Structures are given as C-alpha cells and as structure tokens.
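For reference, the chains in residue letters:
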Amino acid sequence: MARTRLIAALILTYVAFAMLLNSVGTVILQSILSFDVTKPQASTLEAFKDITIAVVSFLTASYLSRLGLRNALIGALMLAIAGCIVMPLAGSFGAAQLHFAMIGAAFAVAKVVVYSTIGLVTDSPRKHASLTSLIEGMFMVGVLSSYWVFSAFIDPAGLRWLNAYWVLAGVTALALALLLSAPIDEQRAQEGEDAVEAERAPILAMLRLAALPLVLIFIVCAFVFVLIEQGIGTWLPTFNNEVLHLPAQMSVQAASLFAACIALGRFGAGAVMARFDWYPVLNICLALLAALIILVLPLADGLRPGPITSWGDAPLAAFLFPLIGFALAPIYPTIISVMLSAMPNRQHPPLMGLVVVFSALGGTTGSLVTGQLFAHLDGRTAFTLMLVPTAMLAGGLFLLRRRIQAAETHRAGI
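No experiment lies behind these values; they were computed from the predicted model shown.

Each value, and the rule that gives it
Residues numbered from 1 in each chain as written. Predicted model: local features only at pLDDT ≥ 70, side-chain atom pairs only at ≥ 80, totals over all residues. Heavy atoms only, no water. Helix = DSSP H or I, 4+ residues; strand = E, 2+ residues; numbered from the N terminus. Buried < 20%, exposed > 50% of the residue type's maximum accessible area, 1.4 Å probe, protein only. Contact = heavy atoms within 4.5 Å. Areas by Shrake-Rupley, 256 points an atom, 1.4 Å probe, with all protein chains shown as cover. Phe/Tyr/Trp six-rings, centres within 6.5 Å; stacked < 30°, edge-to-face > 60°. Expected span 1.5 Å × (residues − 1). Salt bridge = Lys/Arg side-chain N within 4 Å of Asp/Glu carboxyl O. Axes fitted to C-alpha atoms, helices over the stretch in contact; angles between N-to-C directions. Parallel < 35°, antiparallel > 145°, perpendicular 65-115°, else oblique. Left-handed = near helix turned anticlockwise from the far one by under 90°. Nonpolar A, V, L, I, M, F, W, Y, C, P; charged D, E, K, R; others polar.

Engineer: Could you give me a rundown of the overall build of the chain, with the residues and numbers involved?
Structural biologist: The secondary structure content of the chain amounts to 18 helices and 0 strands. Out of the 414 residues in the chain, the part that is buried amounts to 58%. In the chain, the proportion of contacts linking residues at least 24 apart, taken out of those at least 6 apart, comes to 84%. As presented, the chain carries roughly 16000 Å² of accessible surface, and 66% of it is formed by carbon and sulfur atoms.

The following block contains the structure:
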C-alpha cells in the first residue's frame, strides 16, 4: 500500500509540474496580448524557467544524498505551490518571470527525485521502462490538461486567465499530501564506493560522470530532443494564432492535440518497447517526424485571416501538424530508461541531474531560437528548420547505440 501511494505521489507530482511548466506556451501568447510585450521578450519566460532548472538541478543532484529524496521533493512541491500563488496575486509580466523561475527551481529538484525513485521501486529493466513510460505518459496528460484548464479561463478583455493558477495550486497540494503519507526507502541510492565519493565531493563526481563518452553522448541526445519538443510545443499556440489565424482560445486548445498525441504515444511506447529493440523503433519515429514536417507545413501556406468560430472552420494543418507528437513520444523516456537501466542505482541522481541540466538548456535554446525565427522570418520557416536538429538526433542515437553495445560487451567479458 505504501509503495502504491508513493507511485501515485510520483505520478501526480509529474502531472502537476507538467501543467505548470508547459503553460509557458500559453503564457507567452497571453503575455503578448495582455502585457503588450514583444515576441523576443515573451520568449525569455522559457529562459527564466530552464536556466533556473539547469543551475538548481546541478546543485541538487550533487547534494541530493545529503538532503534526502523525500525531503527534497516535499520542499520542491511547497515552492511550486508558492509559485502558483504569485501569478494571480501580482498579475504582471515580471510576476510571470518570477513564477517560472520558482517553478523551474522546484522542478529541477522534483525530476531528479522522481527518476531516482523509479530505480528504488522497480527491480528489473522491463519494469523500470514500464514505469518510466507511464510517468512520462502522465506528464503529457498534465500538459494536455494545462491547455484546457487555461483555455477555460481565457477572456479576450482581461486577466481572468491568471485564475487558472489556483487550480494548479490545488493539484500540486494534492501531490504533496500523497507524498507526506508515503515513505521512501533510500538505502539503495546510498550504497557503493561511488556513493561515498559523491558524498565527499559531489560536484566532482558529477563532472567525472559527465566526462564518460557514453554519458556525454546521452546528454547531448537529451539536449537535442528537448530543443525540438520545446521549440515546437512552446510556440505552437502562437503558430496557430498567427499562421493558421485561429482565435487565442482555439489556438491554445488546438495546441493540446500535440500534447495528447505525445501522451497516447508514450502510453503505447511501453508495449512496443517490450517487443522490439529500441534503436530501430526510434529511427522510425525520427523518419516519421521529418516526413510530417515536410508534408504538413506547406498546408499552412497562403492562409488568410477570416472568421473562425468553430473547429469546422479550422484549417487542416491545425489537426495534422500535432500528429508529430506520436513521432516524438517514445524517444525521451526510452533513452532515459536505457541509460538508467545500464547504470547502478547510486549513479541515478547525478545522471538525472545531468539530464535535467541539458534538457533545460535544450528547452531554452529551442524556445529562444524558435522565437527569433518567428520574429524575423515566419512561423512555417521556424518549424521547418526543426529538420536540422532532427538529423542531429538521428546521428546521436547511432553513436549512443554503439556505445551501449560496447559497454554490454565489456561487461560480458567478450
């Protein structure tokens, strides 16, 4: 029963942070409309979130053994609740920047703890991959829910949309209540010589881990993937509004299709990965991603502003482009599970710290670059250029596969 409550707490924690983190696309659009800021200014919200994640996750992963997993997650959830309260009380662009810095700091801790705890509540690579896919799938459910929660509060003539944060504060508080009722056995995360080294010199141990070729290739893959996912996801509401000419409320709702496709794809990924080798599956996903970008984006050409009052009036591209979520869905949880399964439990916190750092930097890079392309070129060009990091990711997965095979051969003594 305690294990079930703990898993439920981990899942709800991820749902809460998904709703908070991925509201950035909606808040960018609403900040442009409500606070009269430019696109480059609005794109800094991603930086406030992701740079904070990078800095805090580095320190958190380094000193997590001293803090304790459960205590660290409790503190993170309390900070997230405070961050939710800031938005409706202050109601300004500066408050939005502060909010995302607070949420970024909280998530930096939460993600390291959640992934480190997965290794403590599972006893095989297959179970690890299954729970990882479930948690990442629920993360996308949170992203999907965020779009609809915010769209329910959007008022073209005011700041009523800020009241959505009271709902998000309630979800986060529920996750905290579940965690307080569930103990965590942290002994396995503190065993071995590496754990002793991490206790004495945590930052040095983390940097040594990052220097390993396998780990370096892995975190570069994570960086590039998040650059793609956040570059598209963050600016999709604005793309829908400015390129497809959907109203603001429908633009946010249409962007939820992207999250829905990722969620469904991740739920199905567990069954697929249980039957097939991960490498060819992920290559098929990247090929599908490139094909959708090439085939669907031309449908956005030549669209003119017009009265769109229902989904029947929406252009076809609004429904087809979010399907790239299916292609993206299995990649991130799969490569993380593959790496964590190949590493001892004591190295999971520093490894996840590196993942969070480089994922945050990838998210910031993707959002800022895409925002600049939106401002200086156009939305279709900005999304078409995602073909470049897609090709880079394919090369990274090839190198990652080779390194993992070499490590497995070495361990087998062949």
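Moving on, there is more to tell.
Engineer: Now, about the packing of aromatic side chains: what can you tell me, with residues and values included?
Structural biologist: Taken as a whole and judged by the stated rule, the model has 11 aromatic pairs. Measuring from ring centre to ring centre gives 4.9 Å for Phe239 and Phe383, while their planes differ by 40°; the resulting arrangement is tilted. You can see Phe239 sitting in helix 10 (residues 213-242) and its partner Phe383 sitting in helix 17 (residues 379-384), a full 144 residues away along the chain. Phe383 shares its class with Phe239; the two are buried.

Engineer: Tell me about helix 15 (residues 331-342), residues and numbers included.
Structural biologist: Over its 12 residues, helix 15 runs 17 Å from end to end, which matches the ideal 16 Å to within 8%, given 1.5 Å per residue. Judged by how many residues are buried, helix 15 sits mostly within the fold: 10 of 12 residues are covered.

Engineer: Go over the pattern of salt bridges with me, naming the residues and quoting the values.
Structural biologist: For the structure on display, the rule yields 1 salt bridge. The salt bridge involving Asp277 is made with Arg401; its shortest N-O contact spans 3.1 Å. Highlighted residues: Asp277 in the loop between helix 11 (248-275) and helix 12 (278-296) and Arg401 in helix 18 (residues 387-412), separated in sequence by 124 residues. Accessibility expressed as a relative area gives 33% for Asp277, which makes it partly exposed.

Engineer: Please set out unusual backbone geometry residue by residue, giving values where relevant.
Structural biologist: For Asp36, which is not glycine, the phi torsion reads 55° and is therefore positive. Using a relative accessible area of 70% as the deciding quantity, one classes Asp36 as exposed.

Engineer: Quick one: what's the story with the packing of helix 2 (residues 24-34) against helix 10, residue by residue and with numbers?
Structural biologist: Think of two packed helices as two axes; the pair is described by the angle between the axes and how far apart they sit. Between helix 2 and helix 10, whose axes approach to 6 Å, the crossing angle comes to 45°. In terms of their interaxial angle, helix 2 and helix 10 are classed as oblique. The two elements helix 2 and helix 10 meet at a crossing, and its hand is right-handed. Taking contact as the criterion, the partners of Val24, Gly25, Thr26, Ile28 and Leu29 in helix 2 are, on helix 10, Thr234, Trp235, Pro237, Thr238 and Asn241. Of the residues assigned to the contact of helix 2 with helix 10, the class counts are 5 nonpolar, 5 polar and no charged.

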